[in-house]
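Structural overview
Here's the letter readout for the chains.
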Amino acid sequence: MSAADTTTPAKVPPPRQAPPPAAPDTPRRPRPKGAAGTPWLLLAPCLLVLAVVMGYPLVRLVTLSFQKFGQSQLWGFQPAESTGFGNFTKVLSDGEFWQVVLRTIVFAAGSVIFTMVLGMLIALLLQRVSGWVRTLINIALVASWGMPVIVATTVFKWLFDSDYGVLNAVLSKLPGVDLIGHNWFASGPQGLAVIMLLVVWGAVPFVVITLSAGLTQVPKELEEAARLDGAGAWGVFRFVTLPILKPIIVMLTTLSVIWDMGVFPQVFVMRNGHPEAEFQLLTTYSYDRAFVVNDYGQGSAIALITVVLLLGVVAVYMRQMLKIGEVE
């Protein structure tokens, strides 16, 4: 056998294949004329309704806040007089107004915190119960959510009544507790706590249903991986569940702040249409100035200041949502 026979033949590289020809650019169809205005045309009916239903009252509110407008002007005996920023000066220099603002902020903050915490706990609980129990709880939540505010307020008035209230009778059966005849509305803090409980009771169902829908989007694989890494229940919630639910929590918190700062029927009905000074919030205070004192200019100024405060809350919400969008 010769050396040539034992030599391994060199491998020849395969020939290169020519790249496939590039697909010719498909010419874009020209946009038909008027296509840019089609969305606005479709939105026109809705925008028209909003302009009529919300635009006119807002314009009228701004106009009244810069005028001296009382019963004489309401009945047409005297023309409305422009006061410039006089109404705002009177309102902002009034110490009672700032007490009402502080009371409203504390009331709204407490209502929002209790609503979000309780709603989150119930939503997490619904993920760990059987199907029929979850169905019963959801039915109860929807039923309480759909109850009219006036009806719910009347029920709470009966529960906390000093003479015939069920709560006083039940609590008095505990050893060492005697609340027979106790008036929960004798002081502002206790009465506002009862009203806060009513607001939380009506707001929790929406929060629970929304958070329950958000919890279904949390990947089980991430939770399992966190548990394998040694994270407990709190660690899984903090580092896995909470970041995923953050956009929903921000939205619910903002909506709750707007709703709770605009609470009116709960306070008005609970105090029989005449809220005392210790129960005044921005909404009832504005109503009192306009329809009790008959100073519609100052009432409009207070309402406009409330709108500006709520716009600040909306601005914070938009900023947080933009930050979340940039991270994603």
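Observations regarding the confidence of the model for the protein chain
When pLDDT is low, close inspection of the predicted coordinates is not appropriate. Averaged over all residues, the pLDDT of the protein chain equals 84, while 88% of them reach at least 70. A low-confidence stretch, residues 1–8 (pLDDT under 50), is modelled with one contact involving residues beyond four sequence positions or located in other chains.

Quick look at the packing of aromatic side chains
According to the stated counting rule, one finds 17 aromatic pairs in the structure shown. Aromatic side chains F69 and Y296 sit 6.1 Å apart centroid to centroid with 75° between the ring planes, which places their arrangement in the edge-to-face category. In this pair, F69 sits in the loop between β1 (67–68) and α3 (71–74) while Y296 sits in helix α14 (residues 296–327), placing the two residues 227 residues apart along the sequence. Comparing F69 with Y296, the two get one shared label, buried.

Quick word on the side chain of S300
Here S300 lies in helix α14. Given the relative accessible area of 7%, S300 is considered buried. With residues up to four places along the chain from it excluded, the contact list for S300 reads L61, L64 and S65.

Overview of the packing of helix α5 (residues 95–126) against helix α9 (residues 188–215)
Contact pair α5 / α9: the axes reach a minimum separation of 7 Å and the direction vectors enclose 40°. When the axis of α5 is compared with that of α9, the two are oblique. Classified by chirality, the crossing of α9 by α5 is right-handed. Here the contact of α5 with α9 is composed, by residue class, of 20 nonpolar, five polar and one charged.

Describing a nonpolar patch on the surface
A contiguous nonpolar surface patch, about 930 Å² in accessible area, is contributed by W40, L43, L47, L48, V49, L50, V52, V53 and M54. Mapped onto the elements, L47 comes out in helix α2 (residues 38–65). When its relative accessible area of 42% is taken as the criterion, L47 is described as partly exposed.

Let's talk about the pattern of salt bridges
Pairing is possible between side chains of opposite charge, provided their charged atoms come close. All told, the structure shown has five salt bridges when counted by the stated rule. In this structure, R289 engages E96 in a salt bridge whose closest nitrogen and oxygen atoms are separated by 3.7 Å. Of this pair, R289 sits in helix α13 (residues 282–292) while E96 sits in helix α5, and the two are 193 residues apart along the sequence. The class of E96 is partly exposed, set by a relative accessible area of 31%. Notably, a salt bridge pairs E224 with R227, separated by 3.9 Å at the nearest N-O pair. Of the two residues, E224 and R227 both sit in helix α10 (residues 220–228), three residues apart, roughly one turn of that helix. Judged by relative accessible area, E224 falls into the partly exposed class, the value being 42%. Within this structure, D94, E96 and R289 form a network of salt bridges that share partners.

Here we look at the nonpolar core
With 33 residues, the main nonpolar core has F97, L211 and L282 as its most contacted residues. Of all the secondary-structure elements, those providing two or more residues to this core are α4 (86–92), α5, α9, α11 (233–261), α13 and α14. In contact with F97, not counting residues within four places along its chain, are V91, L92, L282, Y285, I302 and I305. Of all hydrophobic cores here, the second largest spans 23 residues; its members include F185, M196, L198 and V204.

What counts and what doesn't
Per chain, residue numbering runs from 1 following the sequence as it is written. Given that the model is predicted, a residue must reach a pLDDT of at least 70 before its local features are reported, and side-chain atom pairs must reach 80 or more before they are shown or counted; all residues, however, enter totals for whole chains, interfaces and linings. To obtain the side-chain values, all non-hydrogen atoms of the structure were included, while hydrogens and water were left out. Confidence of the prediction at every residue is given by pLDDT, a number between 0 and 100. Two residues form a contact once any of their heavy atoms are found within 4.5 Å. Two rings from Phe, Tyr or Trp (for Trp, the six-membered ring) form a pair when their centres are within 6.5 Å of each other. A pair whose planes differ by under 30 degrees is stacked, one over 60 is edge-to-face, and the rest are tilted. Under the scheme used here, helices are H or I runs from DSSP no shorter than 4 residues and strands are E runs no shorter than 2 residues, and both carry numbers assigned from the N terminus. Accessibility here uses a 1.4 Å probe with only protein chains present; expressed as a share of the type maximum, an area under 20% marks a residue as buried, one over 50% as exposed, and anything in between as partly exposed. The axes used here are C-alpha line fits, helices contributing only the stretch in contact, and every angle between their N-to-C directions lies in the interval 0 to 180 degrees. Each angle gets one of four labels, with under 35 degrees taken as roughly parallel, over 145 as roughly antiparallel, 65 to 115 as roughly perpendicular, and the rest as oblique. A crossing counts as left-handed when the near helix is turned anticlockwise from the far one by less than a right angle, and as right-handed when that turn is clockwise. Charged residues are taken to be Asp, Glu, Lys and Arg, nonpolar residues to be Ala, Val, Leu, Ile, Met, Phe, Trp, Tyr, Cys and Pro, and polar residues to be all remaining types, Gly included. For patch building, the residue pool is restricted to those with more than 30% relative accessible area and no salt bridge; the joining distance is 9 Å between like charges and 5 Å between nonpolar side chains (Val, Leu, Ile, Met, Phe, Trp, Tyr). To be clear on the numbers: accessible area is Shrake-Rupley with a 1.4 Å probe, and residue cover counts the displayed protein chains and nothing else. Note on definitions: salt bridges are taken to be side-chain nitrogens of Lys or Arg within 4 Å of carboxyl oxygens of Asp or Glu. Take the buried Ala, Val, Leu, Ile, Met, Phe, Trp, Tyr and Cys residues and link them wherever side-chain atoms come within 4.5 Å; each set so joined is a nonpolar core.

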